[in-house]
Amino acid sequence: MTQPETHILVIEDEPEIRKFLKVALINNAFKPIFAETARDGMKLITNQPPEMIILDLGLPDMDGLDVIRAVREWSAIPIIVLSARGQEHDKVAALELGADDYLTKPFGVPELLARLKVALRHARNNSSTKSPLFEIGDISVDLEKRLVKVKGQEVHFTPTEYKLLALLVKHAGKVITQQQLLKEVWGKNSTENSHYLRVYAQHLRQKLGDDPMRPRYIVTEAGIGYRLKSE
């Protein structure tokens, strides 16, 4: 039985990029629809809600960040930003407004497809009855029992370490910015204390048996935040 096609809205004003994406998406069982402006994209989101959005930031009529802000007021549709803006502050702004991931042009099709699939799976898991048990490699995290095992052996975490790990697990596959992590774990007055995060991320890696140079689990997105791999 063939899998149903996933409907993706692409909001992109460059004809060459639209053409390239159309071929890549159709060849990988996605069904894309296209909008050249933010306003046209917003109309399509309202009238024909897609399962996912690929969004350029440099649109002719509106900044893509404003599109993210508007969509997140009423919808959790996964949003993958695809933009020529490669500065860290642009990536952080998009992710904090609610984008699920961010790719910089030029980009590779395999990486784009991988990130689309992760974001889509994350969204579908969140919309269904999700098991409290998260497993990857040698690690299992039972959020209901607050139990973490590595290679079948229980590993103990401090309350702060566990809070950070649980937050990463709940958003597995998605980049979480430093500011978001600091606010959720240490409180809204701690968003400038990034050294807390570096120290505790190191603690997590040590207890999980993760190599920071070649991470299997916790990936550092330089200057932006962290992502727990989901597969």
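Residues numbered from 1 in each chain as written. Predicted model: local features only at pLDDT ≥ 70, side-chain atom pairs only at ≥ 80, totals over all residues. Heavy atoms only, no water.

Some remarks on the pattern of salt bridges
Inspection of the entire model under this criterion finds 14 salt bridges. The salt bridge partner of Asp63 is Arg85, with a shortest N-O separation of 2.8 Å. Residue Asp63 is found in the loop between strand 3 (52–55) and helix 3 (64–71), and its partner Arg85 is found in the loop between strand 4 (79–83) and helix 4 (88–97); the two are separated by 22 residues along the sequence. On the basis of relative accessibility, which here comes to 25%, the residue Arg85 falls in the partly exposed class. Between Arg227 and Glu221 there is a salt bridge, and its shortest N-O distance comes to 3.1 Å. Taking the relative accessible area as the measure of exposure, Glu221 reaches 17% and is therefore buried. (Salt bridge = Lys/Arg side-chain N within 4 Å of Asp/Glu carboxyl O. Helix = DSSP H or I, 4+ residues; strand = E, 2+ residues; numbered from the N terminus. Buried < 20%, exposed > 50% of the residue type's maximum accessible area, 1.4 Å probe, protein only.)

Here's the deal with the packing of helix 6 (residues 159–170) against helix 8 (residues 194–208)
Put simply, helix 6 and helix 8 touch, their axes get as near as 10 Å, and they point 85° apart. Relative to helix 8, the element helix 6 is oriented roughly perpendicular. In this structure, helix 6 uses Thr160, Glu161, Leu164, Leu165 and Leu168 to contact helix 8, whose residues at the interface are Leu197, Tyr200, Ala201, His203, Leu204, Lys207 and Leu208. Partitioning the contact of helix 6 with helix 8 into residue classes produces eight nonpolar, two polar and two charged. (Axes fitted to C-alpha atoms, helices over the stretch in contact; angles between N-to-C directions. Parallel < 35°, antiparallel > 145°, perpendicular 65-115°, else oblique. Contact = heavy atoms within 4.5 Å. Nonpolar A, V, L, I, M, F, W, Y, C, P; charged D, E, K, R; others polar.)

Let's talk about the packing of aromatic side chains
Aromatic ring pairs: the centre-centre distance and the angle between the two ring planes describe each pair. Taken as a whole and judged by the stated rule, the model has three aromatic pairs. By the ring-pair criterion, three or more aromatic residues cluster together here, those being Trp186, Tyr196 and Tyr200. (Phe/Tyr/Trp six-rings, centres within 6.5 Å; stacked < 30°, edge-to-face > 60°.)

Considerations on the sheet that holds strand 10 (residues 176–177)
Taken together, three strands build an open sheet; the order of strands is 10-12-11 and the sheet is antiparallel. At either end of the open sheet lies a strand with only one pairing partner, and these are strand 10 and strand 11 (218–221). Here strand 10 runs beside strand 12 (residues 225–228); their pairing, made up of two bridges, is antiparallel. For Thr177, the partnering residue across the bridge sits in strand 12 and is Gly225. (Pairing = 2+ DSSP bridges.)

Considering the environment of Gly86
Counting through the fold element by element, Gly86 comes out in the loop between strand 4 and helix 4. Along the backbone, Gly86 and Leu103 are 17 residues apart, and their C-alpha atoms lie at a distance of 8.4 Å. Setting aside residues up to four positions removed in sequence, Gly86 forms contacts with Lys91 and Thr104.

Remarks on the environment of Gln180
Note that Gln180 resides in helix 7 (residues 178–186). Classification of Gln180 as partly exposed rests on a relative accessible area of 25%.

Side note on the confidence of the model for the chain
When pLDDT is low, close inspection of the predicted coordinates is not appropriate. Chain-level statistics for the chain give a pLDDT mean of 88 and a share of 95% at 70 or above. By mean pLDDT, helix 5 (residues 109–127) is the weakest element of the chain at 81, and strand 3 is the strongest at 95. (pLDDT = per-residue confidence, 0-100.)

Looking at the pairing of strand 2 (residues 30–35)
Here is the key point about a regular strand: its side chains alternate between the two faces of the sheet. Two elements, strand 1 (residues 6–11) and strand 2, share six bridges in a ladder whose sense is parallel. Bridge pairing in strand 2 links Ile8 to Pro32. Handedness of the β-α-β unit built from strand 1, helix 1 (residues 15–26) and strand 2 comes out right-handed. (Right-handed = clockwise from strand over helix to strand, strands pointing away.)

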